[in-house]
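# Notes for the structure review
Chain by chain, the residues run as shown.
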Amino acid sequence: MRVLVIGGSGRCGKLVIEELLNRGHQVTTLVRNTTSMGDARPGLKLVQGTPTNLDDVRAAFQADIPEVVIVTLNAPRATDSPFAAPITPPRLMADCNANVVKAMQEFGVRKTVILQAFGVGESWANMHYVLRLLMSKSNMSYQYEDHNHTDREVRESGVNFVMVRPSRLVETDETEVKVWPNDGKGVGLMASTSRVSVARWLVDAAETTEWDNTAPVITN
Ligand SMILES: NC(=O)c1ccc[n+]([C@@H]2O[C@H](COP(=O)([O-])OP(=O)(O)OC[C@H]3O[C@@H](n4cnc5c(N)ncnc54)[C@H](OP(=O)(O)O)[C@@H]3O)[C@@H](O)[C@H]2O)c1
């Protein structure tokens, strides 16, 4: 399969690329700084640019028209602390996803798989109240708002999507994933998900139609 990864220089994005290459897919990624991607690898095409710019996104599609797009963007804060100041515009992810959707429509690409977070969309109501307090009162609220804009706008666009909503990300090597309903009912306060398993699940969701037009919560 030909896959375009947006956010391929990130922690999850790099693991997604690794997983795609291991499974024999042809990968293109649009990155701001190509040197951050290390040595050239067979099967991986780098396009220099930013997903905030529609023409750069078009160039990435043109490089090898994908069958599916995987988006692993983040809207970073100064540090990973929930209280650290946001360092990106409020609609970074929503605007980048809007560019991806526009290019999908122009190039006739059917499906996008988007990494989001437990608590986005309909999974908010079933997140433990302690987490809801943290997500709504800290600077993480900006990220949630951005993901929620994306949720609404991608659904409205009519493209096929899978929005994947993992609980807290951790750096363990756990690979087994538990898939919860879209509303996340039953997910515990301490639930976590390894980045490796998120990457595998994103690739699974790209390969199969099983999860199309759903937004499941996942944990280990
Ligand atoms: N942390 C958690 O516990 C947790 C839990 C559940 C879900 N999530 C979700 O997981 C995702 C984060 O994954 P991650 O940790 O792999 O992210 P990450 O390592 O911070 O990667 C961020 C990616 O976004 C790109 N990016 C950031 N700012 C940009 C900008 N201004 N313009 C263009 N590109 C930009 C980065 O590109 P550069 O390399 O060029 O900067 C990089 O490719 C987020 O959507 C988050 O909500 C996180």
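Residues numbered from 1 in each chain as written. Predicted model: local features only at pLDDT ≥ 70, side-chain atom pairs only at ≥ 80, totals over all residues. Heavy atoms only, no water.

An unreviewed UniProt entry lists the protein chain under the name TrkA-N domain dehydrogenase, with Aspergillus campestris as the source organism. UniProt, in the comment section headed Sequence similarities (unreviewed entry), describes the protein chain in these words: "Belongs to the avfA family." (UniProt positions renumbered as here; feature names shortened; annotations may be inferred.)

## Let's talk about the overall build of the protein chain
Within the protein chain, the secondary structure is distributed over 6 helices and 10 strands. Relative to the 2.2 N^0.38 estimate, which gives 17 Å for 220 residues, the radius of gyration of the protein chain is 16 Å and therefore close to what a compact globule would have. With the principal axes as the frame, the protein chain shows a C-alpha extent of 45 × 35 × 35 Å. Restricting to contacts in the protein chain with at least 6 residues of sequence separation, those with at least 24 account for 72%. (Helix = DSSP H or I, 4+ residues; strand = E, 2+ residues; numbered from the N terminus. Rg over C-alpha atoms; globule rule 2.2 N^0.38 Å. Contact = heavy atoms within 4.5 Å.)

## Concerning the pattern of salt bridges
Applying the stated criterion to the full structure yields 17 salt bridges. One salt bridge in this structure joins R200 and E19, with 4.0 Å as the shortest N-O distance. Note that R200 is positioned in helix α6 (residues 195-207) and E19 in helix α1 (residues 11-22), a separation of 181 residues in sequence. The shortest N-O distance in the salt bridge between D212 and K111 comes to 2.6 Å. Of this pair, D212 sits in the loop between α6 and β10 (217-219) while K111 sits in strand β5 (residues 111-115); the two residues are 101 residues apart in sequence, bridging distant segments of the chain. For D212, a relative accessible area of 15% corresponds to the buried category. A single network of salt bridges, built from pairs that share partners, joins E19, R23, R200, D204 and E207. (Salt bridge = Lys/Arg side-chain N within 4 Å of Asp/Glu carboxyl O. Buried < 20%, exposed > 50% of the residue type's maximum accessible area, 1.4 Å probe, protein only.)

## Considering the site of the ligand
Taken together, 24 residues surround the ligand, and among them S9, R11, C12, H147 and R195 come closest. The contact in question runs from an oxygen atom of the ligand to an N or O atom on the backbone of R11, over 2.8 Å. Protein burial of the ligand: of its 940 Å² of free accessible surface, 81% is covered by the chains. Secondary structure elements with two or more residues in the shell around the ligand: α1, α3 (92-107), α5 (140-157) and β7 (168-170). The class makeup of the residues in the shell around the ligand is 10 nonpolar, 10 polar and 4 charged. (Near = heavy atom within 4 Å. Polar contact = N/O pair within 3.5 Å; in protein donor to acceptor, adjacent residues only side chain to side chain. Areas by Shrake-Rupley, 256 points an atom, 1.4 Å probe, with all protein chains shown as cover. Nonpolar A, V, L, I, M, F, W, Y, C, P; charged D, E, K, R; others polar.)

## So, the packing of helix α2 (residues 54-63) against α3
Viewed as axis vectors pointing N to C, α2 and α3 meet at an angle of 45°, and their least axial separation amounts to 9 Å. Classed by the angle they form, the pair α2 and α3 counts as oblique. The way α2 lies across α3 gives a crossing that is right-handed. Of the residues in α3, those in contact with L54, V57, R58, F61 and Q62 of α2 are N99, V100, K102, A103, M104, E106 and F107. Of the residues in the contact of α2 with α3, the class split is 7 nonpolar, 2 polar and 3 charged. (Axes fitted to C-alpha atoms, helices over the stretch in contact; angles between N-to-C directions. Parallel < 35°, antiparallel > 145°, perpendicular 65-115°, else oblique. Left-handed = near helix turned anticlockwise from the far one by under 90°.)

## So, α5
For α5, which comprises 18 residues, the first-to-last C-alpha distance of 26 Å matches the rise-based estimate of 26 Å (1.5 Å per residue) to within 8%. Three or more residues of α5 are buried, namely M140, S141, Q143, Y144, D146, H147, T150, D151 and V154. Lining the buried residues of α5 we find α3, β5, α4 (129-137) and β6 (160-166). Phi turns positive one or two residues past the end of α5, at G158, with a value near 90°. (Expected span 1.5 Å × (residues − 1).)

## As for the side chain of N99
Along the chain, N99 falls in helix α3. From its side chain, N99 meets the backbone oxygen of T52 in a polar contact 3.2 Å long. Residues contacting N99, with those up to four places away along its chain left out, are P51, T52, N53, L54 and V57.

## A word on the side chain of S167
Summarising the element assignment, S167 is placed in the loop between β6 and β7. Only 3.4 Å separates the side chain of S167 from the backbone oxygen of A191, close enough to count as a polar contact. When near neighbours in sequence (up to four residues on either side) are disregarded, S167 contacts F118, A191, S192, T193, I218 and T219.

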